[in-house]
Amino acid sequence: MKFDIITIFPEVLKEYFDSSILGRARKSGAIKIRFHDLRKYATGKHKKVDDRPFGGGPGMVLKIEPIAKSISKIKSKISRPHRQRSVAGAANLENSKIIIFSPSGKQFTQKMARDWAKKYDNIIMICGRYEGVDARVKKIFSAEEISIGPYVLTGGELPAAVVADAVSRQIPGVLGKEESLEEERGLSGFPIYTRPEIFEFKGKKYSISKILKSGDHKKINTWRSARSKKLF
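Starting from 1, residues in each chain are numbered consecutively following that chain's sequence as written. Local features in a predicted model are, by the rule used here, given only for residues with pLDDT of at least 70; side-chain atom pairs are given and counted only at 80 or more, and totals for whole chains, interfaces and linings are based on all residues. For side-chain calculations, the full set of non-hydrogen atoms in the structure is used, while hydrogens and water are omitted.

Re the layout of surface pockets
Defined as follows: Only protein atoms enter the 1 Å grid used here. Points where a 1.4 Å probe fits but cannot escape make up a cavity, open sets with protein on both sides within 12 Å along at least five of seven lines make up a pocket, and a residue lines them when an atom lies within 4 Å of a point. Grid points are joined across faces, edges and corners, and a volume is the space filled by probe spheres set on the points. By the criteria applied, helices consist of DSSP H or I runs no shorter than four residues and strands consist of E runs no shorter than two, each listed in order from the N terminus. Side-chain classes are defined by residue name, with Ala, Val, Leu, Ile, Met, Phe, Trp, Tyr, Cys and Pro counting as nonpolar, Asp, Glu, Lys and Arg as charged, and the others, Gly among them, as polar.
Volume-wise, the largest pocket comes out at about 420 Å³. Considering the residues around the largest pocket, the lining is formed by 25 residues, among which F101, S102, P103, G128 and G132 are closest to the centre. At the level of elements, β5 (96-107) and β7 (144-147) are the ones that each hand at least two residues to the lining of the largest pocket. In terms of residues, the lining of the largest pocket owes the most to one element, β5, which gives 4 residues. The residue makeup of the lining of the largest pocket, split by class, is 12 nonpolar, 8 polar and 5 charged. Roughly 240 Å³ of internal volume is contained in the second largest pocket. Considering the residues around the second largest pocket, the lining is formed by 13 residues, among which Y193, T194, R195, I208 and L212 are closest to the centre. Of the residues contributing to the lining of the second largest pocket, the split by class is 8 nonpolar, 1 polar and 4 charged.

Now the structure itself:
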């Protein structure tokens, strides 16, 4: 799976994707994450990527020209290996998806993450800023508007990290032996504990259930089932 993230702040995301599980997945080749600085596709002395909205109003809008150039370049790199397709296989445009992050977009869910991991080889994400992205981008490139929650953020970088993280976890080889998909465990959301068995804080002792120390897996599963919550 390849993620192409179009943003004016690529440095905001790089450290996150180089860390922990996703960092290991990138090194192993299980996923590829590429950052595309939108300003590099802008023209003029000041590399301007935004302008005032037609019709007036506050704020600025990301211009269509640099976004169109960046998407076109990304798509050319996707389709080029397809023409030289080898036994190993390569991503193609039909297996690609373009996303624009917007508070009015479709709510992102765990099911979408699972489905996208199976269906697509490449996900292109456009990180909006200010008042958003020129609406013609959506029409020209058949992009889907996605929201990660019923709230407004200052940019699409955090949503891009959320989507890439959630989708990556569904890809074989990303999670290590000590991790597993919550939805495949059967039980989720129950209280979890680790050492020490008894923790004392401000004169009060906090201990765990004796069942968790019993070694009786049937009783443990029953205890966990009673305290589980539906996460997805």
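Resuming the write-up.
As for the sheet that holds strand β6 (residues 122-126)
Note: strands within a sheet are paired through backbone hydrogen bonds, in either parallel or antiparallel orientation. As a reminder, the rule being used: Two strands pair under a simple rule: DSSP has to find at least two bridges between them. Every axis corresponds to a line fitted to the C-alpha atoms, with the helix fit spanning only the stretch in contact, and the corresponding angles, defined between N-to-C directions, vary from 0 to 180 degrees.
Strand order in this open sheet of 5 strands is β2-β1-β6-β5-β7, and the pairing throughout is parallel. With one partner strand each, in any of the chains shown, β2 (32-37) and β7 form the two edges of the open sheet. Averaged over all neighbouring strand pairs, the angle between strand axes comes to 30°, with direction disregarded. Examined bridge by bridge, β5 and β6 share 5 bridges and lie parallel to one another. Within the sheet, the bridge partner assigned to I100 lies in β6 and is I126.

These values are about where atoms sit, not about what they do.
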